[in-house]
Amino acid sequence: MNDFWTTILDFAQTTTTRVGKQLMQDFGKVQADQKADGSLVTQADKWADQEIRDAIASNFSGYGILSEESDQSFPGTEWCWVIDPLDGTTNFTRGIPLWTISLGLLYRGTPIFGYIYAPTLNQAFHGFWAGSSGLATPTGAFLNNHPIHSSVDSPSNNHFFNLCSRSTAAIKNGFPCKIRMLGVASYNFLTVATGATLGGIEATPKVWDLAGAWVIVQAAGGVWSSLKLEPFPLSPGEDYSDRSFPTLVVSRPELVPVFQPLLEGVKI
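The name an unreviewed UniProt entry gives the protein chain is inositol-phosphate phosphatase, with Nostoc flagelliforme FACHB-838 as the organism. Under the Catalytic activity (unreviewed entry) heading, UniProt states for the protein chain: "a myo-inositol phosphate + H2O = myo-inositol + phosphate".

Right, dumping it as structure tokens:
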């Protein structure tokens, strides 16, 4: 791994570890306000957002920033960091120990590096996915620096599939896996990357929910299937605050036709 990618990885690790340490002090102890879209936000979200944005500005001059809590329009810069400073705010406020800090690095509007840290679990995920960028990137997906890969198993009653709270219409008699609901979009998809689940759906994720996981899932061998609009590449000047990108993620291509028909009743 060359110096550039080492710098990127080290920055993501150092920044999310520092921010995560403070968030752990606030975990389960802060009050949330409701935003216009119905989601929750706390002072911890806002603090983490500012800390990460300040760190990016200090280390990556000229890079754009797209964030859930502040800059929600894609600036159109060649390089841009996408931030979700606290994915799973409802879990965070209720004391449920599953929430993440998510970073994605975009090149010409498409993620090529993702880093997601779950402080309560001491789990740090990262991955590189060059796609069609033409860049020479490292390869692979990792959990605490150990390689991870999606499952090659077939569905059974001993395997899991993740739903979000807005996709429960998919639950039918004969669903081919056990159902889980985690309440954190990024972690929903990461469980596919690690092989823990065979798939997952998010009916209303925003671009900052997706950017980091988009890289890690594909780098781990999983399949990313957009159910409505393709999220990437982003369009310069567009405001992404009110755009959702319904997504199905599965562990291998053969499972797309298995699960996608079961999602027909889900409103997207």
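Peer 1: Account for the pattern of salt bridges, with residues named and values stated.
Peer 2: Enumeration over the complete set of coordinates arrives at six salt bridges. Here R18 makes a salt bridge to E51, at a shortest N to O gap of 2.6 Å. Of this pair, R18 sits in helix α1 (residues 3–26) while E51 sits in helix α2 (residues 43–59), and the two are 33 residues apart along the sequence. Owing to a relative accessible area of 39%, R18 belongs among the partly exposed residues under this scheme.

Peer 1: Help me get a handle on the nonpolar core, residues and values and all.
Peer 2: Residues I148, V207, I216, W224 and L234 are the most contacted members of the largest nonpolar core, which totals 35 residues. Residue assignment for this core shows that the elements contributing at least two residues are β4 (79–87), β6 (110–118), β8 (140–143), α4 (185–194) and α5 (207–219). If near-sequence neighbours (up to four positions away) are discounted, L234 is found in contact with L66, F74, L106, G109, V207 and Y240. Core analysis: the second largest hydrophobic core is formed by 33 residues, F11, A44, A48 and L105 among them.

Peer 1: Would you mind going over the sheet that holds strand β7 (residues 123–128) in detail, with residue names and values included?
Peer 2: Ordered by their spatial adjacency, seven strands build an open sheet running β3-β4-β5-β6-β7-β8-β9, and the pairing between neighbours is mixed. Each having just a single partner strand, β3 (64–67) and β9 (146–147) make up the two edges of the open sheet. Relative to the sheet, α2 contacts β3, β4 and β5 (100–107), its axis offset from that of β4 by approximately 155°.

So, how was this worked out
Residues numbered from 1 in each chain as written. Predicted model: local features only at pLDDT ≥ 70, side-chain atom pairs only at ≥ 80, totals over all residues. Heavy atoms only, no water. UniProt positions renumbered as here; feature names shortened; annotations may be inferred. Salt bridge = Lys/Arg side-chain N within 4 Å of Asp/Glu carboxyl O. Helix = DSSP H or I, 4+ residues; strand = E, 2+ residues; numbered from the N terminus. Buried < 20%, exposed > 50% of the residue type's maximum accessible area, 1.4 Å probe, protein only. Core = buried A, V, L, I, M, F, W, Y, C linked by side-chain atoms within 4.5 Å. Contact = heavy atoms within 4.5 Å. Pairing = 2+ DSSP bridges. Axes fitted to C-alpha atoms, helices over the stretch in contact; angles between N-to-C directions.

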